[in-house]
Amino acid sequence: MIYSIVKFGDPVLEKPAAPVTVFDDELKKLVDDMFESMYEARGVGLAAPQIGLSKRLAVIDVTFKEDPNAKLVLANPEILHTEGKHRQPEGCLSIPEFREPVTRASKVTVRAQDINGQWFEKTGEDLLARAFLHETDHLNGKLYISHISALKRDLIKRKIRKLIKAGEW
Ligand SMILES: [Zn+2]
């Protein structure tokens, strides 16, 4: 099943999500659907709040289907360690059509539970590091535009308000 992506303005995107506590077949189905929805939207990461579910769950595939082993499920992720700096344009499926350079750590270690509830740690660099931070932010109710200047953020919000008024958001 393909979910539609919740867009900026929906309060679910700006509140901390609840922990995942049950690792059952229903969760597996949800994760499959999240991957499908992410690919359909041409994204490399998707957090559950982006489909309207306030759960600490995210899926990532920075290779976009090229490497099946690159598919990652993060339940209840926590950032353990960050280092370095990397500045790159960043976007979000919930804020379509906009991209802004964001400075993030270039190397990030995350601790999370997999689809079976097993805890694991993984270190990613560059795009994967960015995805760990971007998706974990989502689960804390934070969007990437909170990392850009207030001036740029206000400009984006103003443009979005116009789009909402025009019924184009
Ligand atoms: Zn996002």
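Residues numbered from 1 in each chain as written. Predicted model: local features only at pLDDT ≥ 70, side-chain atom pairs only at ≥ 80, totals over all residues. Heavy atoms only, no water.

**Q** Teacher, can you tell me more about the sheet that holds strand E2 (residues 57-60) here?
**A** By way of backbone hydrogen bonds, the strands of a sheet pair with one another, either parallel or antiparallel. If you trace the five strands from one edge of the open sheet to the other, you get E1-E2-E3-E6-E7, paired in antiparallel fashion. Among the strands making up the open sheet, the edge pair consists of strand E1 (45-47) and strand E7 (119-125). Direction aside, the axes of adjacent strands within the sheet are offset by 35° on average. Pairing between E1 and E2: three bridges, direction antiparallel. Bridged to Leu46 within E2 is Val59. This element, helix H1 (residues 25-40), spans E1, E2 and strand E3 (72-83) of the sheet and lies at about 45° to E2. (Pairing = 2+ DSSP bridges. Helix = DSSP H or I, 4+ residues; strand = E, 2+ residues; numbered from the N terminus. Axes fitted to C-alpha atoms, helices over the stretch in contact; angles between N-to-C directions. Contact = heavy atoms within 4.5 Å.)

**Q** How should the layout of surface pockets be read in this particular structure?
**A** One water molecule sets the probe size; rolling that probe over the atoms shows where empty space is left. The volume enclosed by the largest pocket comes to roughly 390 Å³. Lining the largest pocket we find 22 residues, and of these Val44, Gly91, Cys92, Arg99 and His134 sit closest to its centre. Here the element with the most residues in the lining of the largest pocket is helix H2 (residues 127-139); it accounts for six residues. Its residues assigned to classes, the lining of the largest pocket comprises nine nonpolar, seven polar and six charged. (1 Å grid on protein atoms, 1.4 Å probe; cavity = no way out; pocket = protein on both sides within 12 Å on 5 of 7 lines; lining within 4 Å. Points joined across faces, edges and corners; volume = space filled by probe spheres on them. Nonpolar A, V, L, I, M, F, W, Y, C, P; charged D, E, K, R; others polar.)

**Q** Before we go on, may I ask you to explain the pattern of salt bridges in this structure?
**A** Overall, the coordinates contain six salt bridges when judged by the stated rule. Ionic pairing is found between Asp33 and Lys29, a salt bridge with its closest N-O pair at 2.9 Å. In this pair, Asp33 and Lys29 are both assigned in helix H1, four residues apart and thus about one turn of the helix distant. Given the relative accessible area of 4%, Asp33 is considered buried. Close ionic contact of Glu100 with Lys152 constitutes a salt bridge, the shortest N to O distance being 3.4 Å. Of the two residues, Glu100 sits in strand E5 (residues 100-104) while Lys152 sits in helix H3 (residues 150-165), which places them 52 residues apart along the sequence. A single salt-bridge network, built from bridges that share partners, covers Glu90, Arg104, Arg130 and Asp137. (Salt bridge = Lys/Arg side-chain N within 4 Å of Asp/Glu carboxyl O. Buried < 20%, exposed > 50% of the residue type's maximum accessible area, 1.4 Å probe, protein only.)

Such coordinate-based values are descriptive only and should not be taken to indicate function.
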